[in-house]
Amino acid sequence: METPVSFDYAPAPESRAVVSIKPKYGHFIGGKFVAGSKHFPTINPATEEVLSQIALAGKADVDAAVKAARKAYTTTWSKMSGKERGKYLFRIARIMQERSREFAVLETLDNGKPIRESRDVDVPLAAAHFFYHAGWADKLEFAGLGTSTKPHGVAGQIIPWNFPLLMLAWKVAPALAAGNTVVLKPAENTSLTALLFAEVCQQAELPAGVVNIVTGDGSTGALIVNHPGIDKIAFTGSTEVGKIIARAVAPTHKSVTLELGGKAANIIFEDAAIDEAIEGIVNGVFFNQGHVCCAGSRLILQESVAEEVVEKLKKRMAKIRVGDPMDKNTDLGAINSKEQLLKIRDLSATGDTEGAERWSAPCDLPTKGFWFPPTIFTGVTQSHRIAREEIFGPVLSVLTFRTPQEGIDKANNTPFGLSAGIWSEKGSRILWASQQLRAGVIWANTFNKFDPTSPFGGYKESGWGREGGRHGLSAYLKGVGHE
Ligand code: NDP
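Here's a quick rundown of the structure. The shown structure was predicted, so the numbers you read here are calculated from the model rather than taken from an experiment.

The subject of this paragraph is the overall build of the chain. If you tally the helices and strands in the chain, you get 15 helices and 19 strands. Taking 483 residues into account, the globule formula puts the C-alpha radius of gyration at 23 Å, and the chain, at 22 Å, falls close to it. The buried share of the chain, taken over its 483 residues, is 58%. Residue pairs at least 24 apart in sequence account for 75% of intrachain contacts in the chain once pairs closer than 6 positions are excluded. Summed over all atoms, the accessible surface of the chain reaches about 19200 Å², with 53% contributed by carbon and sulfur. Put simply, the chain has 54 plus and 51 minus side-chain charges, and the middle of one group is 8 Å from the middle of the other.

Shown next, in the form of structure tokens:
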């Protein structure tokens, strides 16, 4: 038998010369960049290089941002026709496309995700969200949400570090299309693309104060949540902080949507197309280093195919290229922060101590930066912490089932309910399983597919409300049952 020829990949680095990062940033308030008082560093998690100093917003900064947003809402944005608002959104979308390379490189430097993903997923999807919502701005009365809907006013938006620009787009685009103005806080580890987005707002000549961006940590987020001048809170992040926010807004007039954690089941039935399912499993849990709320982090395998799937999966995992996120051949980049790396290590260690069997793909991890190899645990039971808690890293827990009902019961045995995957060649089984699963998003014979037209959100501890599509738009309007 001939030995198969294999070629090494030559380095294919993206240039970082397309972005210019300032040594220090302020906040974006009332259409202008204003200096911050205190600063903290933001680093490249792949190299630990300090990229810039980010301002930490305190009470005065948040007050100024809310004031600017209120003024823009009352004097300009709420008075403007939907058609005019739509023009600005289209303009923003087009500028994001024109500057897409800049956004992709900056996102990869600040977040650690592979350039292939920031270039092909994050940035195009972010622009698509603006295009999609631009189309709704002058058609709100035809969205099936009633003819007397109104914007809330000022929306306070708090986003996480896993998809910094994309989460900004999920929040800002529907808010603006519906006629709200916003005060947005990016995550402290990943503020740079939000600050570049502020430049795009200036370039699009968006009226001053319609979008305000204050940077900072959890304390800044709490100032936004508790500010009396805010009418609506939209949050994406951990279930723990989501609960704090729910308690804080409960006695107020504020409307709230929460997009929280998940522990999705990816169920492989014995009649599935196994090779396709392997690709779906890999995409489901190793995409974006597993820093994905809807990641398929619990693989639920029918026993009759379990051995075959695990064997093929290990072979496929050995081909995942881990390393420099700026290399266009890289599949798995850096873990976003030291804290997140420690959390992944700690939870994985409980997998060992509770009796599961760990296997990690052989790979040379860089010496600087934060790295974790693609890993699977077999022999996982439902009581193991790695089957119950969100690891938010490139770690897959494998469980097995004998009957389809047992598979569904195991999939639903979680406090979360954000997403799920079903792999089967039988349409009737897919329909049956999707009706049983308690998850907001269910993919069949695919995983991690996103589209601005499609609502996204969860059941149970995965959150309240939906983002995307008409459902997401409705969360930014009064008069449709969301006040
Ligand atoms: P957090 O929920 O702590 O952070 C999300 C956002 O909320 C950030 O902007 C954060 O600020 C801000 N924030 C933190 N505390 C408060 C508060 N009391 N009031 C208002 N805003 C606040 O998530 P982490 O980033 O710390 O990640 C921890 C875990 O959360 C992850 O391991 C993962 O399991 C989960 N997670 C889930 C995500 C999802 O998409 N569902 C996304 C990210 C994380 P800052 O970061 O600046 O401190």
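That was the structure; now back to the text.
The next subject is the pairing of strand β6 (residues 154–158). Walk down a regular strand and you will see the side chains alternate between the two sheet faces. With respect to burial, β6 is a largely interior element, five of its five residues being buried. Residues of β6 alternate between two faces, with V154, G156 and I158 on one and A155 and Q157 on the opposite face, all of them buried. The sheet contact formed by β6 and strand β7 (residues 181–185) spans five bridges and is parallel. Bridged to I158 within β7 is K185. For the handedness criterion, the β-α-β arrangement of β6, helix α5 (residues 164–177) and β7 is classed as right-handed. Examined bridge by bridge, β6 and strand β9 (residues 232–236) share four bridges and lie parallel to one another. Residue pairing for β9: Q157 is matched across the bridge by A234.

In total, this model carries 23 salt bridges according to the counting rule given. Two residues, R402 and E303, come together in a salt bridge whose shortest N-O distance is 3.0 Å. In this pair, R402 sits in the loop between β15 (395–401) and α13 (404–412) while E303 sits in helix α10 (residues 303–317), placing the two residues 99 residues apart along the sequence. With a relative accessible area of 59%, R402 lands in the exposed category. Counted as one network, the salt bridges with shared partners bring together K22, R99, E102 and E199.

Contacts to the ligand come from 27 residues, most closely from W161, E188, S238, L260 and K343. The side chain of E188 places a nitrogen or oxygen atom 2.7 Å from an oxygen atom of the ligand. Within the side chain of K343, one N or O atom sits 2.6 Å away from an oxygen atom of the ligand. In isolation the ligand exposes 860 Å². Once the protein is present, 86% of that is buried. Cavity membership is defined here by more than half of the atoms lying within 2 Å of grid points; on that basis the ligand lies in the largest pocket. Listing elements by their share of the shell around the ligand, those giving two or more residues are α7 (218–225), β9 and α11 (338–353). A total of three residues in the shell around the ligand trace back to one element, the largest contributor, which is α7. Partitioning the shell around the ligand into residue classes produces 12 nonpolar, nine polar and six charged.

Time to look at the nonpolar core. Membership of the largest hydrophobic core comes to 83 residues, with the highest contact counts inside it found for M96, F130, F197 and V211. Discounting chain neighbours no more than four positions away, the residues touching M96 are F103, V123, A126, A127, F130, L165, F197 and V200. Among the nonpolar cores identified, the runner-up in size contains 28 residues, and I274, A306, V322 and I376 belong to it.

Looking now at the packing of helix α2 (residues 82–98) against α5. Two quantities define a packed helix pair, namely the angle between the axes and the distance from one axis to the other. The interhelical angle for the contact between α2 and α5, taken along N-to-C directions, is 160°, at an axis separation of 10 Å. The angle between α2 and α5 places the two elements in the roughly antiparallel class. The handedness of the crossing between α2 and α5 comes out as left-handed. Listed contacts from α5 to R85, L89 and M96 of α2 are L165, A173, L176 and A177. In terms of residue class, the contact of α2 with α5 is built from six nonpolar, no polar and one charged.

Our next topic: α7. Residues spaced three or four apart along an α-helix point in a common direction, a consequence of the helix completing one turn every 3.6 residues. When α7 is considered as a whole, its buried residues turn out to be T220, G221, I224 and V225. The arc that holds the buried residues of α7, viewed along the axis, is 140°, so those residues lie on one side. Against the buried residues of α7 lie β4 (50–56), α1 (59–77), β6, β7, β9 and α8 (239–249).

Turning to unusual backbone geometry, a few remarks are in order. Despite not being glycine, E48 has its phi angle at roughly 70°, a positive value. Mapping E48 onto the fold places it in the loop between β3 (38–43) and β4. Judged by relative accessible area, which is 34%, E48 ranks as partly exposed. The phi dihedral of N445 is positive, around 55°, even though this residue is not glycine. Mapping N445 onto the fold places it in the loop between β17 (441–444) and β18 (463–464).

Attention now moves to the sheet that holds β17. Taken in spatial order, the seven strands line up as β13-β14-β15-β12-β11-β16-β17 in an open sheet, and their pairing is mixed. At either margin of the open sheet sits one strand with a lone partner, and together these are β13 (357–360) and β17. Pairwise comparison of adjacent strand axes, ignoring direction, gives a mean angle of 20° for this sheet. Taken strand by strand, helix α9 (residues 274–286) contacts β11 (265–268), β12 (298–302), β14 (375–378), β15 and β16 (419–423), and its axis lies near 170° from that of β11.

Criteria and cut-off values
Residues numbered from 1 in each chain as written. Predicted model: local features only at pLDDT ≥ 70, side-chain atom pairs only at ≥ 80, totals over all residues. Heavy atoms only, no water. Helix = DSSP H or I, 4+ residues; strand = E, 2+ residues; numbered from the N terminus. Rg over C-alpha atoms; globule rule 2.2 N^0.38 Å. Buried < 20%, exposed > 50% of the residue type's maximum accessible area, 1.4 Å probe, protein only. Contact = heavy atoms within 4.5 Å. Areas by Shrake-Rupley, 256 points an atom, 1.4 Å probe, with all protein chains shown as cover. Lys, Arg positive; Asp, Glu negative; His and termini not counted. Charge placed at Lys NZ, Arg CZ, Asp CG, Glu CD. Pairing = 2+ DSSP bridges. Right-handed = clockwise from strand over helix to strand, strands pointing away. Salt bridge = Lys/Arg side-chain N within 4 Å of Asp/Glu carboxyl O. Near = heavy atom within 4 Å. Polar contact = N/O pair within 3.5 Å; in protein donor to acceptor, adjacent residues only side chain to side chain. 1 Å grid on protein atoms, 1.4 Å probe; cavity = no way out; pocket = protein on both sides within 12 Å on 5 of 7 lines; lining within 4 Å. Sits in = over half its atoms within 2 Å of the grid points. Nonpolar A, V, L, I, M, F, W, Y, C, P; charged D, E, K, R; others polar. Core = buried A, V, L, I, M, F, W, Y, C linked by side-chain atoms within 4.5 Å. Axes fitted to C-alpha atoms, helices over the stretch in contact; angles between N-to-C directions. Parallel < 35°, antiparallel > 145°, perpendicular 65-115°, else oblique. Left-handed = near helix turned anticlockwise from the far one by under 90°. Arc of directions from axis to C-beta.

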